[in-house]
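Coordinates in review
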Amino acid sequence: MSQPPKSERKDEKNQNQNQNSLVFDASVLRNEPNIPNQFVWPDHEKPSANRPELPVPLIDLGGFLSGDSVAAAEASRLVGEACRKHGFFLVVNHGVDAALISDAQRCMDSFFGLQLCEKQRSQRKIGEHCGYASSFTGRFTSKLPWKETLSFRYSADKNSPNIVENYIKSSMGEDFDKFGKVYQEYGNAMSNLSLKITELLGMSLGVSRAHFKEFFEENDSIMRLNYYPPCQKPDLALGTGPHCDPTSLTILHQDTVGGLQVFVDDEWHSISPNFSAFVVNIGDTFMALSNGRYKSCLHRAVVNNKTPRKSLAFFLCPKKDKVVSPPTELVDKKYPRIYPDFTWPTLLEFTQKHYRADMNTLQAFSNWVHHHHKPPAPGHA
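Bear in mind the structure is a predicted one, so any value in this text is a computation, not a measurement. (Residues numbered from 1 in each chain as written. Predicted model: local features only at pLDDT ≥ 70, side-chain atom pairs only at ≥ 80, totals over all residues. Heavy atoms only, no water.)

1. Focus on the sheet that holds strand β4 (residues 148-155)
Keep this limit in mind: The pairing criterion is simple: DSSP has to find at least two bridges between the two strands. Note on conventions: DSSP H or I runs of at least 4 residues are helices, E runs of at least 2 residues are strands, and numbering of each starts at the N terminus. For every element, the axis is a line fit to its C-alpha atoms; helices are fit only across the contacting stretch, and the angle between N-to-C directions ranges from 0 to 180 degrees. The contact criterion used throughout is that any non-hydrogen atoms of two residues lie within 4.5 Å.
Reading across the sheet, the eight strands line up as β1-β2-β10-β7-β12-β5-β4-β3 and stay open at both edges, with mixed pairing between neighbours. Lying at the two open borders of the sheet, with one neighbouring strand each, are β1 (58-60) and β3 (131-134). Direction aside, neighbouring strands of the sheet carry axes that sit 25 degrees apart on average. Direction of pairing for β3 relative to β4: antiparallel, over a ladder of four bridges. Counterpart to Gly131 in the pairing with β4 is Ser151. On top of the sheet, helix α4 (residues 69-85) reaches β1, β2 (88-92) and β10 (278-282); it is set at about 150 degrees to β2, its chief contact. Across the sheet, helix α7 (residues 163-172) touches β3 and β4, and the angle it forms with β4 is around 135 degrees.

Listed below in structure tokens is the structure:
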């Protein structure tokens with residue numbers, strides 16, 4: 001295997017002896033007056049409460065989804081403005097059934113309320129991205145996130161119609177049949193919504209409306225349930241550390257407890273919860289697809305000492321053999337190529353095995369590809 005970059009996670013080399021030394025059991029730690037040192041962040045990264053609100057556009061998709069060309073043009077203009085500045089925007093009247101969203105939020109309560117040993121039936125293995133993770137105690141030894149997650153693969157491929165449902169049942173048992181059905185349906189809804197948003201992205205970038213939609217039509221994506229238990233030292237810990245999403249597009253549904261913060265103009269801003277809206281943000285892979293014109297922005301999650309916070313994230317990713325390369329319209333003398341061609345599984349492997357995702361992931365990955373990888377074969381883009 002190629003040598004990882006110098007900025008490789010230094011603490012990962014000791015993962016085998018450390019992975020059993022700390023157990024993140026939310027039912028215990030949520031009430032502890034002091035928190036383990038592994039969860040204490042350095043002073044320059046510690047959270048601060050009452051951050052100013054980030055002015056993000058609230059985009060009504062109703063007209064666009066019903067075929068109104070004027071509404072589509074206005075929505076794509078707002079999307080473009082946000083993506084050039086920081087890559088975050090909110091969508092309402094998105095066509096996703098409110099009852100499905102409520103079911104998906106409720107199922108999170110039932111899963112994360114289980115005993116730790118029950119949740120560990122679907123334990124995530126080191127180097128993989130699916131399964132249950134109680135913090136990242138098996139991967140890192142410092143700056144640990146104060147959260148639990150359950151992640152699973154979603155595929156829009158017609159040959160994998162029930163991939164979420166089957167995974168949940170096989171890892172958690174027949175009792176989780178309804179749970180699996182809810183997240184299969186939710187994944188389908190997120191895939192459909194994300195394809196609509198890629199149409200707006202194409203329009204806003206001046207390429208064909210269908211370009212990115214076709215690229216992601218058979219997406220092989222990731223769904224993640226995030227649970228942030230209360231923390232009695234919220235000024236020392238972070239629910240999720242500062243990072244840019246390595247994926248293409250993130251569609252996030254927050255519950256009513258705040259916690260999402262975005263780093264814009266050299267300071268942290270909050271994005272308040274809106275239960276009827278989805279928060280959408282650009283990830284590193286789409287930044288590469290746009291040849292750097294659209295921003296993948298640094299963000300994090302903070303915690304509080306009273307109320308658990310939940311969020312549902314759908315990470316849109318291309319099919320495994322698709323070559324990530326910007327359309328020719330986005331490459332010229334003013335905008336020369338910034339990033340090499342790559343496939344999503346190569347970037348995913350980089351973030352799982354060589355590099356802890358941060359604000360420099362895409363640049364570090366580009367350097368790694370230049371030094372160690374041949375570009376992917378043409379013909380799949």
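There's plenty left to go through after this.
2. Some words on the confidence of the model for the protein chain
For the record, the criterion: Values of pLDDT, which run from 0 to 100, indicate the predictor's confidence residue by residue.
Mean pLDDT over the protein chain stands at 89; residues scoring 70 or higher make up 91%. Long-range and interchain partners of residues 1-20, a stretch whose pLDDT sits below 50, account for 40 contacts in this model, where long-range means more than four residues apart.

3. Topic: the sheet that holds strand β6 (residues 240-243)
Judged by pairing direction, the sheet is antiparallel, and its four strands sit side by side in the order β6-β11-β8-β9 without closing on themselves. This sheet does not close on itself; its edge strands, each paired only once, are β6 and β9 (267-270). Each adjacent strand pair in this sheet contributes to an overall mean axis angle of 25 degrees, direction not counted. Where strand β8 (residues 260-264) meets strand β11 (residues 299-301), three bridges bridge the pair, whose relative direction is antiparallel. The residue of β11 that forms the bridge with Gln261 is Arg300.

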